[in-house]
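Examining the three-dimensional arrangement
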Amino acid sequence: MVCQSLSRPGTPGRGNMKLSFIVNGLSSTCLLIVLGCAAGNTNSDAAAPLKRDLTTADVEGMMTSLSNWGRWGKDDELGALNLITAEKRRQAAELVSEGVSVSLSRNAIKEPVDSSAPFEHTTQVNPTSAGDEYSVKYHGFTQTHMDALCHLFHNGKMYNGYSMNEVTEKGAAKLSVVNFKNGVFTRGVLMDIPSLLGKDYLDGARAIYPEDLDAWEAKSGVRVQKGDAVLIHTGRWTRRAKEGTWEIMQGSAGLHASCLPWLRKRDVAIVGSDLALDVMPSGIEGFPLPVHWVLIVAMGTPILDNMDLEALSAEAARQGRWEFLLTAAPLAVEGGTGSPLNPIATF
C-alpha cells in the first residue's frame, strides 16, 4: 500500500483535513474525522465491544511520541534496523540448534486476487536452454515482500524528516530498499494468536490488542526484546483455504493501533505478518493502515507483508519454542520502495 497524508502530524484536533491514499493503484479520498476503535475479549475473536477510543490527535500524536527521528543521526536511512547490532546477530546465531529451516514466503501468486496484481512469469525456451522473465507489482495483499522506509509519506515527510520529494518516478533518492541489502539477521519471535485463542485462524476483522501480545508472551514463555523481528500470525492463509477469498480491507484480522506503543517500548527492529499487519478496517477513519504509517514513517521500522507463517507455526509448536534465527534479504534495487523476498526461520 502507498499512502500520502496531507494532515499536519502532531497537531491535535485538526479534523476535516484531506487525506489521499492509493491502495493497489486505486485512488480514494477521505476525511479525517474522529477515530473509533473496537476492542475485544482476548478469549474470543468475534466482533468486539468498544474498549478503546482513539482520536485523530491520538494517532497524530503517535507520529511524534513514538518517533525515532534523529535517534541515529540526521542522515540515518536504516531506521530500526540499527537495533540489529553485531552482538544481536551473534545472539541470534546461537538460537540455531536443530538445523531446521522454514521458508516464510508464500509461493508467487500468478493470478489477480485480493485486489492485487498477479506475479507475471513467462519462460523462453530454445534448443539449448531456457530463461524466465518476471514482472511483479508486489505492494498489495498477495506477494511476500518488504516495505522500505520510502514507501509511505505523512504530511509530505518520510522517516527521519526526509521530504517525499526525494521519491520520483525514477525511484527514491533516500530511504530506498538498497539500504537493506546487507540483509536482516536477528532473533525472530512468532506471536501465534490463533494458537493463543485455540483457533485455526482469526475470524473476520478480529483486532489484536496489547493484552493479546502480553498473553502470548505469558503462554509461550518468550519475551520480545530489543532488536527482535516480531512476526504476527493470524492464520490468513488457512482462512483463505477454508472460506475462499474476501474483501481484504473490509474484514481482515491484524494489529490494532493501540499496539504501537507496545512495539515501540520493546524497541523491535522489524515487524511482519501473514497479511498487511493492520486490522482492516482499522476502525479509524482517515487512517486505513495506521500501524503501517506509524511504524514506517515515525519509528523507521520496516514491515514484512503477506508472509506464509503456517509452516512456521507448525514447526514452532512441534519444537515447543517460538524464537529462532530470522534471515531475509531484499533485492538490491537502488531507489526501490521495497522488494519481494523469501524470509527464512532457522531453529
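Let me sum up the structure you'll find in this document. These figures come from a predicted structure and were not determined experimentally.

Quick notes on the overall build of the protein
For the protein, the helix and strand inventory stands at eight helices and 19 strands. Here the protein holds 347 residues, and the buried ones make up 54% of them. A separation threshold of at least 6 residues defines the contact pool for the protein, and within that pool the share at least 24 residues apart is 75%.

Concerning the sheet that holds strand β4 (residues 101-103)
Read across the sheet, nine strands follow the order β4-β19-β17-β11-β13-β15-β16-β7-β18 without closing on themselves; strand pairing throughout is mixed. With one partner strand each, in any of the chains shown, β4 and β18 (338-340) form the two edges of the open sheet. Direction aside, neighbouring strands of the sheet carry axes that sit 25° apart on average. Helix-sheet contacts for helix α4 (residues 210-220) involve β11 (184-192) and β13 (229-233), and the interaxial angle to β11 is about 100°. Each of β4, β11, β13, β17 (323-328) and β19 (344-346) is contacted by helix α8 (residues 310-319), which is oriented at about 80° to β11, the strand it contacts most.

Concerning the environment of R89
Positionally, R89 belongs in helix α2 (residues 86-93). In the structure, R89 is positioned 95 residues away from V184 in sequence and 9.1 Å away in space, judged by C-alpha atoms. Leaving out residues up to four positions away in the same chain, R89 has contacts with I84 and F185.

Some thoughts on the nonpolar core
The biggest cluster of nonpolar side chains holds 77 residues, and the ones touching the most others in it are L104, M191, L231, L255, L295 and L312. With seven residues, helix α7 (residues 290-298) is the single largest residue contributor to this core. Once residues within four sequence positions are removed from consideration, L104 is found in contact with T144, L231, M307, D308, L309, L312, L326, N342, P343 and A345. Core analysis: the second largest hydrophobic core is formed by eight residues, W246, M249, M280 and L289 among them.

Some points on the pattern of salt bridges
Using the criterion set out here, one finds 17 salt bridges in the structure. Close ionic contact of D75 with K74 constitutes a salt bridge, the shortest N to O distance being 3.4 Å. Overall, the relative accessible area of 53% leaves D75 in the exposed class. When its relative accessible area of 65% is taken as the criterion, K74 is described as exposed.

Thresholds applied
- Residues numbered from 1 in each chain as written.
- Predicted model: local features only at pLDDT ≥ 70, side-chain atom pairs only at ≥ 80, totals over all residues.
- Heavy atoms only, no water.
- Helix = DSSP H or I, 4+ residues; strand = E, 2+ residues; numbered from the N terminus.
- Buried < 20%, exposed > 50% of the residue type's maximum accessible area, 1.4 Å probe, protein only.
- Contact = heavy atoms within 4.5 Å.
- Pairing = 2+ DSSP bridges.
- Axes fitted to C-alpha atoms, helices over the stretch in contact; angles between N-to-C directions.
- Core = buried A, V, L, I, M, F, W, Y, C linked by side-chain atoms within 4.5 Å.
- Salt bridge = Lys/Arg side-chain N within 4 Å of Asp/Glu carboxyl O.

Fair warning: the whole summary comes from geometry, so function is off the table for now.
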